[in-house]
Amino acid sequence: STTPPANEWNIPNDGAIDPTFSITPRAPANRPKDGDKDDESVKKQIEAIKKERGDFAKRMEEIQKRADERKRREEELRSRMAEDKSGTKRPREADADDEEQRKRKELAVASARA
């Protein structure tokens, strides 16, 4: 039953049945189901939570990618700095130096011909 019994209440609980005590429900026993509304509300909340969780996972993935990229760039920079300290030229610098030496040779050859 969805309502408590109307009579035969033990008052106090471990005492004898009090025939003068009775209760009457305030709302009719055949009231409409609010459960359907509650179920729909709960479903909407669950869907909202799932969406929020998915959005959060996407944000975390983006943050992780940025952190990995930052870490890769830091390692690359450290490597370049270590190369600079050891005197080893980076490829771009080596190419620039080779180009400069080639131009000097061309100018020297052109000057010698003139």
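Refer to the preceding data block for the structure.
Residues numbered from 1 in each chain as written. Predicted model: local features only at pLDDT ≥ 70, side-chain atom pairs only at ≥ 80, totals over all residues. Heavy atoms only, no water.

Novice: Explanation requested: the overall build of the protein in the structure shown.
Specialist: The helix and strand inventory of the protein stands at 2 helices and 2 strands. Buried residues in the protein amount to 0% of all 114 residues. Here the protein has roughly 11100 Å² of accessible surface; of this, 53% comes from carbon and sulfur atoms. (Helix = DSSP H or I, 4+ residues; strand = E, 2+ residues; numbered from the N terminus. Buried < 20%, exposed > 50% of the residue type's maximum accessible area, 1.4 Å probe, protein only. Areas by Shrake-Rupley, 256 points an atom, 1.4 Å probe, with all protein chains shown as cover.)

Novice: Explain the pattern of salt bridges to me, please; I cannot follow it from the model alone.
Specialist: In a structure, side chains of opposite charge can pair up when their charged atoms sit close to one another. Tallied over the full model, the rule gives 9 salt bridges. Here K65 ties to E61 by a salt bridge, and the two come within 3.7 Å at their closest N and O atoms. Within this pair, K65 and its partner E61 are both found in helix α1 (residues 35-86), separated by 4 residues, close to a single helical turn. A residue is classified by how much of its surface remains accessible, and E61, at 47% relative accessible area, is partly exposed. For R104, the salt bridge is made with E100, and the minimal N-O distance between the two is 2.5 Å. Of the two residues, R104 and E100 both sit in helix α2 (residues 91-113), 4 residues apart, roughly one turn of that helix. R104 gets classed as exposed once you look at its relative accessible area, which sits at 54%. Ionic contacts of the salt-bridge type, sharing partners, join the residues E69, R72, R73, E76 and R80 into one network. (Salt bridge = Lys/Arg side-chain N within 4 Å of Asp/Glu carboxyl O.)

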